[in-house]
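Chain and residue survey
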Amino acid sequence: MSHAAGDPRLIGAQQAPRKPWRLSWSDPRTRNVVWQVVVIGAVGAVLWYLIGNTNRNLAARHIATGFGFLGRTAGIPIGEQPIPYNSATDTFAKALLEGILNTLKVAVVGIILATIWGTLIGIGRTSRNWLVARLTAIYVETLRDIPVLLQLLFWYTLLQGLPAPRQAMRLGSIFLSNRGIKIPVLVWSGAYSWAVLGGVLGIGLTVVWARWAKRRRDETGSAPPVWPVALGLIIGLPVLIWALLGAPHVVDAPALHGFNFVGGATITPEYAALLLGLSIYTAAYIAEIVRSGIQSVPHGQWEAAGALGLRRGTVLRMVVLPQALRVIIPPMTSQYLNLTKNSSLAVAIGYQDIVSIANTTLNQTGQAIEGIAIIMAVYLVISLSISLFMNWYNARMALVER
Amino acid sequence: MSIALSSGATPARERPPLGTTGPVGWLRANLFGSWWSTALTLALGYVVVRFLWGFIDWALIRAVWTVPMGPHGPDATICRQMKGAGACWAVIGDKWRFILFGQYPYNEQWRPGICVALFIALYAASANRAFWRRELLYLWLGTLAVIFALMWGGFGPLQFVPDDQWGGLPITLILATFGLVAAFPLAILVALGRRSKELPVVRILCVVYVELIRGVPLISLLFMASVLFPLFMPEGLNPDKLLRAQVAIILFAGAYLAEVVRAGLQALPKGQSEAAEALGLSYWRKTRLIILPQALRLVIPPLVNTFIGFFKDTSLVLIIGIYDLLTAGKVALADPAWTGFAAEVYLVLAAIYFMFCFAMSRYSHGLELRLAAARGR
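All residue numbers refer to positions counted from 1 along the written sequence of the respective chain. The order in which chains are written sets their letters, starting at A; the order in which ligands are written sets their numbers, starting at 1. With pLDDT at 70 or above as the cut-off, local features in this predicted model cover only qualifying residues; side-chain atom pairs require 80 or more to be listed or tallied, and sums for whole chains, interfaces and linings still use all residues. Just so you know, side-chain values use all the structure's heavy atoms and leave hydrogens and water out.

**Quick word on the overall build of chain A**
- Secondary structure elements are defined from DSSP: runs of H or I of at least 4 residues count as helices, runs of E of at least 2 residues count as strands, and each element is numbered from the N terminus. For chain A, the helix and strand inventory stands at twelve helices and eight strands.
- Principal-axis analysis of the C-alpha atoms places the extent of chain A at approximately 90 × 75 × 45 Å.
- The contact rule is simple, with two residues in contact once any of their heavy atoms fall within 4.5 Å. Here the contacts in chain A between residues at least 6 apart in sequence split such that 65% fall between residues at least 24 apart.
- Total accessible area on chain A is roughly 22,800 Å²; 67% of this is exposed by carbon and sulfur atoms. Under the convention used here, a 1.4 Å probe and the Shrake-Rupley method define accessible areas, while residue burial counts only the protein chains that appear.

Written out as structure tokens, the structure reads:
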């Protein structure tokens, strides 16, 4: 608008005088106001009617609205507890919190797995190797055309069909059985906390080092190594701290005792099936996004980079993918949102996410409106957070034009 | 090269290039192009052959196709003795009518059978561009009326079948088709409303509707339909479960389709709208005659992709206990005679869903190519 004043085409042109507002049907402004009032009235009337019905129905069923039930003892047994929970004493609020954490646990890990797997498949689709290109195409076409709920049920059935603990499949000290996947874990001690702290420090130092290296490359043209330093700082530093503190390592390995396992950590069949199903399904969509992103980079970029003597893998990593990312990020956001929303299908295979626990809550208390409001609020907040993060990342990656 | 020639020396004889044409050349270029490619081909080839062989062995060679009848229905002992080494397709032979048609009265199942055929014929007719004209709309209305008449019955020799006895594939098709047919006009109105500049109130309402629905999972809407709907309705009036789920699906589909339509409206050059206004067309005539025909054509491929998504999403009604294809399959598995043969049933269900979605996806792909060709002309 600001430069419009200087536009030579507009010199001498006058803005059409605004007609005074007449209170007549032939004035569009009057019509607009009237229509909007009508719409507001209609929406308001429908809401008024529904709310009135709801109040009458609630009164007839003796249900009191409000979130007071959150403080009552829940008594919902929860198999998967990210934080300690006692079904005999803890409240509905705590149970719902467990549900939210379980949803986040699936969504975050699922997004990471689906991104890695989907990117690999997407790159595979552009491969010059015929077999790789065909197989990945079949993967994408097949998995996208089968409902995700059916896939989840299928994986869950497969995992439940694994042998009983006594005949569990064994991979080192990892056990696969119908009780889930048993994995050995390290017994936590103070040294690990310090090591984690060292790792965080290492990441911080790496960022500083990478910035300095980039500035130096921009100034002098010689690029100081980044990866070896990063490896040393992020992995070497924690290991060093851990070793200096006496290198404690007590492994809690699962072992068969009677009919079940003791020790170790468990990945339940429900969680494994949900994670597997969601990541495999979403990866098919991500693969298509990655493929179209790669193909959106003009072929000349490949050729120019090839002319500089770069190998195909290096070209992909250093030249093509960074440019493809600009095309990839926006649709990727909606896939992440889809994965998160699809995690609500957990309720069908008995994984206790927020939908499952809120559903149990509303069945036990009869607080249907509040239960569904909680589900919706949780997902809206998660969706909004993912959108905001991805928008920020997109803005960061966007082409900076001079 | 030119230096070598000018010096007069005979250039060293080069070996003829290795085959670059024919099958050998093709293999060399596409499977064994480099060390890395060769390794990948061999490793993947091994995995594929092992997997395919294992699958053929399980699904065909060692499969059990029929089981004898025991005193209490079919006797799956032979299948159980296989211990999973071979597929037990007998479960499909025994249950296929239930999976396809649910609890619909057994002797009347030819009726939903015809309905499924009508649906498929309707889709096929609509896919043909030669039929894209006004008469198609009447064809749709007529066919849908016939389908409902057949499903409900209650006239002539047809006995009345209430809709809580419907099930299987017809329910999936009804939910998907009606969902889209009803959601489409809603989506167009919402998309227009969201782009309206003069009516801020309408715009805000549309934005809130679209963002709210797109921000929450379909499950929560289905729960809302099954739990909250009865609360919203006046006492005594209790719409049945199928209708409630259908409304939830329509509201859900409406929001997603609205975004697709909006993309088409945005892609249309502004000059089209201005030219139509200059001709003195009213808003609705402008929209109906100029804007929508062009905007919708732009977004046909993403529309079909959205349709595929909804077709798959109708399976979510399983969670609120409506008898669609997936639910019928799951219920069939609950029969004690057939517990433990879930993989077979799920594979067949997957094949049915796949056929519908794959057909749509191929169609969308072909359409995209043709539209791109038409645009490039």
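**Quick word on the overall build of chain B**
- Scanning chain B from terminus to terminus reveals 16 helices and two strands.
- Radius of gyration (C-alpha) of chain B: 28 Å, far over the 21 Å computed for a compact globule of 377 residues.
- If one aligns the C-alpha atoms of chain B with their principal axes, the spans along those axes are about 105 × 80 × 40 Å.
- Exposure categories follow from relative accessible area, calculated using a 1.4 Å probe and restricted to protein chains: below 20% of the type maximum is buried, above 50% is exposed, and the middle band is partly exposed. Evaluated residue by residue, chain B yields a buried proportion of 45% over its 377 residues.
- In chain B, the proportion of contacts linking residues at least 24 apart, taken out of those at least 6 apart, comes to 70%.
- For chain B, the exposed area adds up to about 20,400 Å²; of that, 68% sits on carbon and sulfur atoms. The reference for a compact globule is 2.2 Å times residues^0.38; the radius of gyration itself is calculated from the C-alpha atoms.

**Structural notes on helix H8 (residues 169–195) of chain B**
Residues and elements named next belong to chain B.
- Expected helix span is given by 1.5 Å per residue-to-residue step, counting one fewer step than there are residues. With 27 residues, H8 ought to run about 39 Å at 1.5 Å a step, and its terminal C-alpha atoms sit 38 Å apart, in line with that.
- Along H8, the helix axis deviates most sharply at Ala-183, where the bend reaches about 30 degrees; the proline Pro-185 sits within four residues downstream.
- Burial analysis of H8 places 19 of its 27 residues in the buried class, the great majority of the element. To get the bend at any residue, fit one axis to the seven residues that end at it and another to the seven that begin at it, then take the angle between the two axes.

**A closer look at the pattern of salt bridges**
Residue and element names in this part refer to chain A.
- Any Lys or Arg side-chain nitrogen located within 4 Å of an Asp or Glu carboxyl oxygen qualifies as a salt bridge. Scanning the entire structure with this criterion turns up 14 salt bridges over all chains.
- Of the charged contacts in the structure, one is a salt bridge between Lys-94 and Asp-90, with a shortest N-O distance of 3.4 Å.
- Notably, a salt bridge pairs Glu-288 with Arg-125, separated by 2.5 Å at the nearest N-O pair. Residue Glu-288 is located in helix H7 (residues 269–296), and its partner Arg-125 is located in helix H2 (residues 92–125); the two are separated by 163 residues in the primary sequence.
- Classification of Glu-288 as buried rests on a relative accessible area of 14%.

**Re the domain arrangement of chain B**
- Boundaries of every domain are those given by an automatic assignment or by a domain database. Domain assignment breaks chain B into domain 1 (18–61) and domain 2 (69–104 + 161–376).
- For domain 1 of chain B and domain 2 of chain B, the distance between their C-alpha centroids amounts to 39 Å.

**Topic: the pairing of strand S2 (residues 174–177) of chain A**
All names here are of chain A.
- By the alternation rule, side chains of S2 split into Phe-175 and Ser-177, which are all buried, and Ile-174 and Leu-176, of which none is buried.
- Strands were regarded as paired on the criterion that DSSP finds at least two bridges between them. Here strand S1 (residues 169–171) folds back onto S2 in antiparallel fashion, the turn holding two residues, of which Gly-172 has a positive phi close to 65 degrees.
- Note that S2 and strand S3 (residues 180–183) share three bridges and pair antiparallel. Counted as the bridge partner of Leu-176 is Ile-181 from S3.
- Adjacent in sequence and paired antiparallel, S2 and S3 are bridged by two residues.

**Here's the deal with the packing of aromatic side chains**
Residue and element names in this part refer to chain A.
- For this analysis, a ring pair means two rings from Phe, Tyr or Trp (six-membered ring only for Trp) whose centres lie within 6.5 Å, classed as stacked if their planes differ by under 30 degrees, edge-to-face if by over 60, and tilted for the remaining angles. Summed over all chains, the structure comprises 26 aromatic pairs over all chains.
- Considering the side-chain rings of Trp-209 and Trp-212, the 5.2 Å spacing of their centres and the 40 degrees angle between planes classify their relative orientation as tilted. Here Trp-209 pairs with Trp-212, and both are found in helix H5 (residues 190–220), just three residues apart, close to one helical turn.
- We classify Trp-209 as partly exposed; its relative accessible area is 27%.
- Their ring planes at 35 degrees and their centres at 5.7 Å tell us that Tyr-271 and Tyr-351 sit as a pair that is tilted. Of the two residues, Tyr-271 is situated in helix H7 and Tyr-351 in the loop between helix H10 (346–349) and helix H11 (354–365); the sequence distance between them amounts to 80 residues.

**Notes on the interface of chain B and chain A**
- Taken together, the contacts link 56 residues of chain B with 48 residues of chain A.
- Joining two parts hides part of their accessible area as seen by a 1.4 Å probe, and the buried area is that hidden amount summed over both. Taking both sides of the interface into account, the surface hidden between chain B and chain A amounts to around 4,400 Å²; carbon and sulfur atoms contribute 74%.
- At the junction of chain B and chain A, the tally comes to one salt bridge.
- For Glu-141 of chain A, the salt bridge goes to Arg-362 of chain B, with nearest N and O atoms at 3.4 Å.
- Each polar contact in these results corresponds to two N or O atoms within 3.5 Å; when the atoms are within protein, one needs to be able to donate a hydrogen and the other to accept it, and residues that are neighboring in sequence are counted only if both atoms are side-chain atoms. Summed over the shared surface of chain B and chain A, the number is 17 residue pairs in polar contact (both at pLDDT 80 or more).

**Things to note about a nonpolar patch on the surface**
- Distance thresholds for patches are 9 Å for like charges and 5 Å for nonpolar side chains (Val, Leu, Ile, Met, Phe, Trp, Tyr), applied to residues having over 30% relative accessible area and no salt bridge. On the surface, Leu-104, Val-108, Val-109, Ile-112, Leu-113, Ile-116, Trp-117 and Leu-120 of chain A cluster together into a nonpolar patch covering about 680 Å² of accessible area.
- Residue placement: Trp-117 of chain A occurs in helix H2.

**Some words on the sheet that holds S3 of chain A**
Residue and element names in this part refer to chain A.
- In spatial order, the strands read S1-S2-S3-S8; together these four strands make up an open sheet with antiparallel pairing. At either margin of the open sheet sits one strand with a lone partner, and together these are S1 and strand S8 (265–267). Each strand axis lies, on average, 20 degrees off the axis of its neighbour in the sheet, ignoring direction. Lines are fitted to the C-alpha atoms to define the axes, a helix being fitted only along its stretch in contact, and any angle between axes, read from their N-to-C directions, falls within 0 to 180 degrees.

**Focus: the side chain of Arg-111 of chain B**
All names here are of chain B.
- Residue position: Arg-111 is located in helix H6 (residues 110–127).
- Within the local environment of Arg-111, its side chain forms a polar contact with the side chain of Tyr-104, the two groups lying 3.1 Å apart.
- At 2.8 Å, the side chain of Arg-111 and the backbone oxygen of Leu-150 are in polar contact.

**Observations concerning the packing of helix H11 (residues 241–267) of chain B against helix H14 (residues 300–313) of chain B**
All names here are of chain B.
- Where H11 meets H14, the axes come as close as 10 Å, and the angle between the chain directions of the two elements is 165 degrees. Judged on the interaxial angle alone, H14 and H11 are roughly antiparallel. Here H11 runs over H14; the crossing is right-handed. Residues Phe-252, Ala-253, Tyr-256, Leu-257 and Val-260 of H11 pack against Pro-302, Leu-303, Thr-306, Phe-307, Phe-310 and Asp-313 of H14.
- The nonpolar class holds Ala, Val, Leu, Ile, Met, Phe, Trp, Tyr, Cys and Pro. Asp, Glu, Lys and Arg form the charged class, and all remaining residues, Gly among them, are polar. Class assignment for the residues of the contact of H11 with H14 results in nine nonpolar, one polar and one charged. The labels follow the angle: roughly parallel below 35 degrees, roughly antiparallel above 145, roughly perpendicular from 65 to 115, and oblique for the rest. Left-handed describes a crossing in which the near helix is turned anticlockwise from the far one by less than a right angle; the clockwise case is right-handed.

**Observations concerning the packing of H6 of chain B against helix H7 (residues 134–152) of chain B**
Residues and elements named next belong to chain B.
- Running from amino to carboxyl end, H6 crosses H7 at an angle of 170 degrees, the nearest separation of the two axes being 9 Å. Taken together, H6 and H7 sit at an angle that is classed as roughly antiparallel. Taking contact as the criterion, the partners of Trp-110, Arg-111, Pro-112, Ile-114, Cys-115, Leu-118, Phe-119, Leu-122, Tyr-123, Ala-125 and Ser-126 in H6 are, on H7, Leu-136, Leu-139, Trp-140, Thr-143, Leu-144, Val-146, Ile-147, Leu-150, Met-151 and Trp-152.
- Its residues placed into classes, the contact of H6 with H7 shows 18 nonpolar, two polar and one charged.

**Focus on the environment of Trp-152 of chain B**
- With respect to the element layout, Trp-152 of chain B can be found in helix H7.
- A relative accessible area of 31% places Trp-152 of chain B in the partly exposed class.

**Some words on the nonpolar core**
Residues and elements named next belong to chain B.
- Trp-166 and Trp-338 are the most contacted members of the largest nonpolar core, which has 171 residues in total.
- Considering each element in turn, this core owes the most residues, 14 residues, to H11.
- Apart from residues no more than four positions distant in its own chain, Trp-166 is found in contact with Tyr-104, Phe-148, Met-151, Trp-152, Val-161, Ile-171, Ile-174, Leu-242 and Tyr-323. For this analysis, a nonpolar core means a set of buried residues of the types Ala, Val, Leu, Ile, Met, Phe, Trp, Tyr and Cys, connected via side-chain atoms within 4.5 Å.

**Overview of the pairing of S3 of chain A**
- As paired elements, S3 of chain A and S8 of chain A share three bridges and run antiparallel to each other. Looking at S8 of chain A, one finds that Ile-181 of chain A is bridged to Ile-267 of chain A.

**Structural notes on the side chain of Gln-151 of chain A**
- Tracing the backbone shows Gln-151 of chain A in helix H4 (residues 148–160).
- Of note is the side chain of Gln-151 of chain A, whose polar atom sits 3.1 Å from the backbone oxygen of Ile-146 of chain A.

**What about helix H1 (residues 28–61) of chain A?**
- With 34 residues, H1 of chain A extends 49 Å from end C-alpha to end C-alpha; this agrees with the ideal 50 Å at 1.5 Å per step.
- Every buried residue of H1 of chain A is listed here: Thr-30, Asn-32, Gln-36, Asn-53, Thr-54, Asn-57 and Leu-58 of chain A.
- Among the structural elements, helix H12 (368–397) of chain A together with helix H9 (200–215) and helix H10 (218–232) of chain B are those in contact with the buried residues of H1 of chain A.
- Downstream of H1 of chain A by one or two residues, His-62 of chain A has phi in the positive range, about 55 degrees.

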